[in-house]
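Next come the chains, spelled out residue by residue.
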Amino acid sequence: MKKALFISICLLGTGSCFAQENIEHKKEVCPKSALENIENVSYDCLDVWDSRLEKKIDEKYKMIYRRVKQKDMALHALPSSYFIKVRKTWNAYREQLCSDPTNNTDLKSASDWYILQCRIEQSQAHLKALERF
């Protein structure tokens, strides 16, 4: 028990030192340039980028909803219900495309890396499409 506690404290300390070192040097652990060669990116970086892209997509939709309320002419009078439907349809499409129906556990499997890669590629394409509005 003491040995396991000691090891866990050491691991926490190591992670803390690594995070502190990155803060001090202002280095990004998962730089955007890593996505150019996505095949060589670790699972953890893919996970970080997946959440970052989700935030960007959320921000883009919030901006579009604001523009709809302001009756922005560039949106060609599209109602907010249109964008709500697009978002729901896209989420369902991405879930169907980027999932592994054979994996029904919470444990990481070999396909998880590919699923995250798929989610990132689909999120990038969706974000690019949203930029047109």
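Conventions used here
Residues numbered from 1 in each chain as written. Predicted model: local features only at pLDDT ≥ 70, side-chain atom pairs only at ≥ 80, totals over all residues. Heavy atoms only, no water. Helix = DSSP H or I, 4+ residues; strand = E, 2+ residues; numbered from the N terminus. Expected span 1.5 Å × (residues − 1). Buried < 20%, exposed > 50% of the residue type's maximum accessible area, 1.4 Å probe, protein only. Polar contact = N/O pair within 3.5 Å; in protein donor to acceptor, adjacent residues only side chain to side chain. Contact = heavy atoms within 4.5 Å. Core = buried A, V, L, I, M, F, W, Y, C linked by side-chain atoms within 4.5 Å. Axes fitted to C-alpha atoms, helices over the stretch in contact; angles between N-to-C directions. Parallel < 35°, antiparallel > 145°, perpendicular 65-115°, else oblique. Left-handed = near helix turned anticlockwise from the far one by under 90°. Salt bridge = Lys/Arg side-chain N within 4 Å of Asp/Glu carboxyl O.

Caption draft 1: Seen up close, helix α4 (residues 111–130). With 20 residues, α4 should reach 28 Å at 1.5 Å per residue; the first-to-last C-alpha distance of 28 Å fits that figure. Summarising burial for α4: 14 of the 20 residues are buried, a large majority.

Caption draft 2: Molecular detail of the side chain of Arg-67. Mapped onto the elements, Arg-67 comes out in helix α2 (residues 43–69). Within polar-contact distance, the side chain of Arg-67 engages the side chain of Asp-72 at 2.7 Å. Ignoring anything within four residues of it in the chain, the contact list for Arg-67 reads Asp-72, Ala-74, Leu-75 and Phe-133.

Caption draft 3: Structural context of the nonpolar core. In terms of nonpolar packing, the biggest core is built from 20 residues, with Leu-46, Ile-57, Phe-83 and Ile-120 touching the most fellow members. Counting only elements with at least two residues in this core, the list comes to α2, α3 (80–97) and α4. Looking at which element gives the most residues to this core, the answer is α2, with eight residues. Once residues lying within four places of it in the same chain are set aside, the contact partners of Ile-120 are Leu-35, Ile-38, Leu-46, Trp-49, Asp-50 and Leu-53.

Caption draft 4: Looking closely at the environment of Arg-94. For Arg-94, the position within the fold is in helix α3. On the basis of relative accessibility, which here comes to 3%, the residue Arg-94 falls in the buried class. The spacing of Arg-94 and Ser-123 is 29 residues in sequence and 8.4 Å in space, taken between C-alpha atoms. Discounting chain neighbours no more than four positions away, the residues touching Arg-94 are Glu-54, Arg-119, Gln-122 and Ser-123.

Caption draft 5: Region of the structure containing the packing of α2 against α4. Packing of α2 against α4 brings their axes to within 9 Å, and their N-to-C directions diverge by 25°. Here α2 lies roughly parallel to α4, going by the angle between them. α2 and α4 meet at a crossing whose hand is left-handed. Between α2, through Tyr-43, Leu-46, Asp-47, Trp-49, Asp-50, Leu-53, Glu-54, Lys-56, Ile-57, Lys-60, Tyr-61 and Ile-64, and α4, the contact on the second element is made entirely by Asp-112, Trp-113, Leu-116, Gln-117, Arg-119, Ile-120, Ser-123, Gln-124, His-126, Leu-127 and Leu-130.

Caption draft 6: View of the pattern of salt bridges. In the structure shown here, the tally under the stated rule is seven salt bridges. In this structure, the salt-bridge partner of Arg-119 is Asp-50, at a minimum N-O distance of 3.2 Å. Taken together, the residues Arg-119 in helix α4 and Asp-50 in helix α2 connect sequence positions 69 residues apart. The buried category is assigned to Asp-50, whose relative accessible area is 8%. Where salt bridges share partners, they join Asp-50, Glu-54, Arg-94, Glu-95 and Arg-119 into one cluster.

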